[in-house]
Amino acid sequence: MKTKIIDFINHLLIYDYLLFGGIFVLFILLLVLAIALKNKMGLAIFMVLLAFGVLTAGSVVGYIKLHQYLFKNKIALHEVKALEFTEALLIKGEITNTSKRPFQECTLYAGVHKVSHNRYLDRLYPLLPFKKGSLKLKESIAPGGSASFKLFVEPFRYTKDYNITIKGECR
């Protein structure tokens, strides 16, 4: 856990600092407004709750949306194959940088989920993959450029129908 926090802090951009600083300033302004409205207790309590909501949810949602915007990518799968002599699933594909910034590294997350013929379960299963795999690409990808990848999910023994969901987080 400590290494994840240190890794997160080491990879912050100037945009992240601006986002967190703006959210903190908004938090302080809402608290000052709540203090100014101390005669109207209901509105003051609402402002305090809104301030803490902005501080927590605003930071998380803002960070995710900012990085989705700054580091857009597109993933194309070329081959998905269950290997015969090894209990593994091979996923070959290509990640393309569609943003205006170069990528220094990308982490690809793959999930394998069941397929049922129930429309409600088919919406639920991609959220709950039964097998997961990840791959970290250390090569830099220029804007408009792409890099191929080969990812293994193991052990994989599932013989029925399945689908693959794949997501890339780049920096």
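Higher on the page you've got the structure.
Model, not experiment: these values are computed from the prediction.

### As for the sheet that holds strand β4 (residues 131-137)
Hydrogen bonds along the backbone pair up the strands of a sheet, which may run parallel or antiparallel.
And then number 1: Ordered in space as β4-β3-β6, the 3 strands form an open sheet in which the pairing is antiparallel. Edge strands, defined here as strands with exactly one partner in the open sheet, are β4 and β6 (162-170). The average angle at which neighbouring strand axes cross in this sheet is 15°, direction not considered.
And then number 2: Bridge count between strand β3 (residues 106-114) and β6: 9 bridges; the pairing is antiparallel. By the bridge assignment, Ala110 is partnered in β6 with Ile166.

### Concerning the pattern of salt bridges
And then number 1: According to the stated counting rule, one finds 7 salt bridges in the structure shown.
And then number 2: For Lys92, the salt bridge identified is with Glu79, shortest N-O distance 3.7 Å. Separated by 13 residues along the polypeptide, Lys92 in strand β2 (residues 89-97) and Glu79 in strand β1 (residues 73-82) bring together distant segments of the chain.
And then number 3: When its relative accessible area of 30% is taken as the criterion, Lys92 is described as partly exposed.
And then number 4: Overall, the relative accessible area of 29% leaves Glu79 in the partly exposed class.

Reading the values: rules and limits
- Residues numbered from 1 in each chain as written.
- Predicted model: local features only at pLDDT ≥ 70, side-chain atom pairs only at ≥ 80, totals over all residues.
- Heavy atoms only, no water.
- Pairing = 2+ DSSP bridges.
- Helix = DSSP H or I, 4+ residues; strand = E, 2+ residues; numbered from the N terminus.
- Axes fitted to C-alpha atoms, helices over the stretch in contact; angles between N-to-C directions.
- Salt bridge = Lys/Arg side-chain N within 4 Å of Asp/Glu carboxyl O.
- Buried < 20%, exposed > 50% of the residue type's maximum accessible area, 1.4 Å probe, protein only.

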